[in-house]
Amino acid sequence: MSLNKVMLIGNVGRDPEVRYLDGNSQGGTKVATFTLATSERYKDRNGELRENTEWHNIVCWRANADVAERFIHKGTQLYIEGRLRTRSYTDPQGVKKYTTEIQVDTLQLLGKREDGEAAAPQGGYNAQPAYGAPAQPAYSVPASSPAPAAAAPAAAAPVDDIPADDLPF
């Protein structure tokens, strides 16, 4: 058994470069490539804050390449799931070189939409922020419940109508 899975959250380093493998934009296979930066912050032995940025080469095919072409720009925050692929090529001087890329399986835009950005396509990815306050509080008292009496002592308040935990699930 083996597993080749990569999960990244980072910022796009440059606008995607889109190509068609068959040479024409009508029936060719679309591929988009760009870089993604992930950063790690830590304190060194002296207590100084340090930041280490890692750059990843990202490759999107077909529908993901279409999303990349339409909605991804330099600085866009993304969540990516994919696989590591290493390939070799020969540079113009005849030297064989290797590169490692992330082949995208799942692509999700994070953060807020910029002003003037086109509407999100149906399905495919979620343009909503990944992190943020929930739309409704986890627990709230129904509006129809009577207000507690101001003269009643605190010990007399009913405890049975408060759930044992306030988890929303």
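Residues numbered from 1 in each chain as written. Predicted model: local features only at pLDDT ≥ 70, side-chain atom pairs only at ≥ 80, totals over all residues. Heavy atoms only, no water.

Visitor: Where do I start with the overall build of the protein chain in this structure?
Guide: Helix and strand counts for the protein chain stand at 1 helix and 6 strands. Listing each helix as α and each strand as β along the protein chain from the N terminus yields β-β-β-β-α-β-β. Put simply, the protein chain has 169 residues, and 26% of those count as buried. A fraction of 54% describes how many contacts in the protein chain between residues 6 or more apart in sequence connect residues 24 or more apart. Carbon and sulfur atoms provide 50% of the accessible area of the protein chain, an area that totals close to 12700 Å². (Helix = DSSP H or I, 4+ residues; strand = E, 2+ residues; numbered from the N terminus. Buried < 20%, exposed > 50% of the residue type's maximum accessible area, 1.4 Å probe, protein only. Contact = heavy atoms within 4.5 Å. Areas by Shrake-Rupley, 256 points an atom, 1.4 Å probe, with all protein chains shown as cover.)

Visitor: Can you walk me through the pattern of salt bridges in this structure?
Guide: Once the charged atoms of two side chains with opposite charge are near each other, the side chains can pair. Using the criterion set out here, one finds 11 salt bridges in the structure. Between R50 and E48 there is a salt bridge, and its shortest N-O distance comes to 3.8 Å. For R50, a relative accessible area of 39% translates into the label partly exposed. Between D66 and R70 there is a salt bridge; the shortest N-O distance is 4.0 Å. Here D66 and its partner R70 are both found in helix α1 (residues 62–71), 4 residues apart, which amounts to about one turn of the helix. Overall, the relative accessible area of 43% leaves R70 in the partly exposed class. (Salt bridge = Lys/Arg side-chain N within 4 Å of Asp/Glu carboxyl O.)

Visitor: Sorry, what's going on with the side chain of T33 here?
Guide: Assignment of secondary structure puts T33 in strand β3 (residues 30–43). The class of T33 is buried, set by a relative accessible area of 15%. In contact with T33, not counting residues within four places along its chain, are R14, D15, P16, E17, R19, I58 and V59.

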